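Listed below are the residues making up each chain.
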Amino acid sequence: MIERYLLRYFLAVVEHGNFTRAAESCNVTQPTLSVGIARLEESVGQRLFHRTNRRVDLTPNGAQFAEHARRIEAQFNLAEQAMQQRQPQAIVRLGLLSTLPSPVVAAIAQALGEIDGLRTEFVEGRASELTDRLDAARIDLAVTLEPQGRHRAQFQPVATEGYSLALPASHPLAARTLIAGHELADNVMLVRRHCEVLTATSQHFTARGVRPFFAARSRSDDRILALVAAGVGVTVMPDCFTAAGVARVPMEDFAHMRTLGVLMREADVVPEAVVARVRGVLAERIGGTW
């Protein structure tokens, strides 16, 4: 294998016609360059130069090799330029709450992708997992729920929303503006295993004598939405979740809310443009801005 620096030595000698000037242009000593040329000739198995006291000229084989060497070096240069243009100036590790809708995540990714020189690593997790990763410096910021305790001071609230029923659009109650829990006593339900208000939801229905059949339990909100749209059952979700074939109706006496925002490890770790883009997407897609 011919190493690139040998090609550069060779092309410098071709350009200058002299080992001394070629060595100066390559910022090496003349003996170093001479050893390099000898190594190159040994690698290709041909003499590449006629050496005289006054000048160094290419042999016929050297002239043929020079054509290839120029093309190779040109491609090297083009590759370097392309990578320099695309080399990211910053890498941001962004934690994403697992109960964010996929369209919101996609909008955040698109917004950050429009920032020149930025590369983003996306890490999904529950609110507690994201907080732990921030503490361990494994992510730089998180789109998450408002935390309690010492992390609260690092949190920037952006949007607040409630929880409501997700029903098939064909459901008899889909056109209602409010549904009481007991009206769902004979309904099949779907369980979002990662729901932040799962315990409160269970208590709400149990207190109203609702003990339904559970058709599915999943940590995938996209799958739960698909099952709702298919008419399999109903579930409780944050208001921001929407899908074709799914109706969203509030529940009577179910006033639970969640506040979403940005939680940062250190303000100077994350470019201001990143925080602004993330906040903008949350404000636009979730609503209830602060």
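The coordinates are above.
Residues numbered from 1 in each chain as written. Predicted model: local features only at pLDDT ≥ 70, side-chain atom pairs only at ≥ 80, totals over all residues. Heavy atoms only, no water.

Chemist: Where do I start with the nonpolar core in this structure?
Modeler: Here is a general trend for soluble globular proteins: nonpolar side chains tend to be buried in one another's company. Judged by nonpolar contacts, the single largest core of 44 residues is most densely connected at Ile 108, Leu 112, Leu 141, Val 143, Val 274 and Val 278. Not counting chain neighbours up to four residues away, the residues in contact with Val 143 comprise Leu 94, Gly 95, Leu 96, Leu 97, Leu 100, Ile 108, Leu 130, Gly 261, Val 278 and Leu 282. Within the second largest apolar cluster, 20 residues are counted, among which are Leu 11, Val 13, Val 14 and Ile 37. (Core = buried A, V, L, I, M, F, W, Y, C linked by side-chain atoms within 4.5 Å. Buried < 20%, exposed > 50% of the residue type's maximum accessible area, 1.4 Å probe, protein only. Contact = heavy atoms within 4.5 Å.)

Chemist: Honestly, the pairing of strand β5 (residues 141-145) in this entry has me stumped. Any pointers?
Modeler: Where burial is concerned, most of β5 is hidden: 5 out of the 5 residues are buried. In this sheet, β5 lies alongside strand β3 (residues 90-97) in parallel orientation, the contact comprising 3 bridges. Note on β5: the bridge partner recorded for Gly 95 is Ala 142. Sheet analysis places β5 next to strand β11 (residues 257-264), joined by 5 bridges and oriented antiparallel. Among the inter-strand pairings, Leu 141 is bridged to a residue of β11, identified as Met 264. (Helix = DSSP H or I, 4+ residues; strand = E, 2+ residues; numbered from the N terminus. Pairing = 2+ DSSP bridges.)

Chemist: Teacher, can you tell me more about the packing of aromatic side chains here?
Modeler: We describe a pair of aromatic rings using the distance from one ring centre to the other and the angle between the two ring planes. This model, assessed by the stated rule, comprises 4 aromatic pairs. Where Tyr 5 meets Tyr 9, the ring centres are 5.3 Å apart and the plane angle is 80°; that geometry is what we call edge-to-face. Here Tyr 5 and its partner Tyr 9 are both found in helix α1 (residues 4-16), 4 residues apart, which amounts to about one turn of the helix. For Tyr 9, a relative accessible area of 10% gives the class buried. Pairing Phe 10 with Phe 49 gives two aromatic rings, centres 5.3 Å apart and planes at 45°, and the pair type is tilted. Placement of the pair is Phe 10 in helix α1 and Phe 49 in strand β1 (residues 49-51), with a sequence separation of 39 residues. Considered together, Phe 10 and Phe 49 belong to a single accessibility category, that of buried residues. An aromatic cluster is present here, built from Phe 10, Phe 19, Phe 49 and Phe 65 joined pairwise through their rings. (Phe/Tyr/Trp six-rings, centres within 6.5 Å; stacked < 30°, edge-to-face > 60°.)

Chemist: Help me understand helix α6 (residues 127-135) in this model?
Modeler: At 3.6 residues per turn, the α-helix brings residues three or four places apart onto the same side. Taken together, the buried positions of α6 are Leu 130, Thr 131, Arg 133 and Leu 134. For α6, the angular spread of the buried residues around the axis is 160°, confining them to a single face. Once α6 finishes, Ala 137 follows within two positions and takes phi at roughly 60°, a positive value. (Arc of directions from axis to C-beta.)

Chemist: Just checking my understanding: could you explain the environment of Ala 229 for this structure?
Modeler: Tracing the sequence through the fold places Ala 229 in helix α8 (residues 221-229). Given a relative accessible area of 36%, Ala 229 falls into the partly exposed group. What Ala 229 contacts, discounting residues up to four positions off in sequence, is Ala 244, Gly 245 and Val 246.

Chemist: Looking at this model, I keep getting lost on the layout of surface pockets. Mind explaining?
Modeler: If a probe as big as a water molecule is rolled over the atoms, it shows which places are left empty. There is about 260 Å³ of room inside the largest pocket. Looking at the largest pocket, it is lined by 17 residues, and the ones nearest its centre are Val 191, Leu 198, Thr 201, Ser 202 and Phe 214. Contributing elements (two or more residues each) for the lining of the largest pocket: β7 (189-192), α7 (198-207), β8 (214-218) and β9 (235-238). A class-by-class count of the residues in the lining of the largest pocket yields 10 nonpolar, 4 polar and 3 charged. Computed from the structure, the second largest pocket encloses a volume of approximately 160 Å³. Taken together, 13 residues line the second largest pocket, and the ones lying closest to its centre are Ser 98, Leu 100, Ser 102, Glu 124 and Asp 222. (1 Å grid on protein atoms, 1.4 Å probe; cavity = no way out; pocket = protein on both sides within 12 Å on 5 of 7 lines; lining within 4 Å. Points joined across faces, edges and corners; volume = space filled by probe spheres on them. Nonpolar A, V, L, I, M, F, W, Y, C, P; charged D, E, K, R; others polar.)

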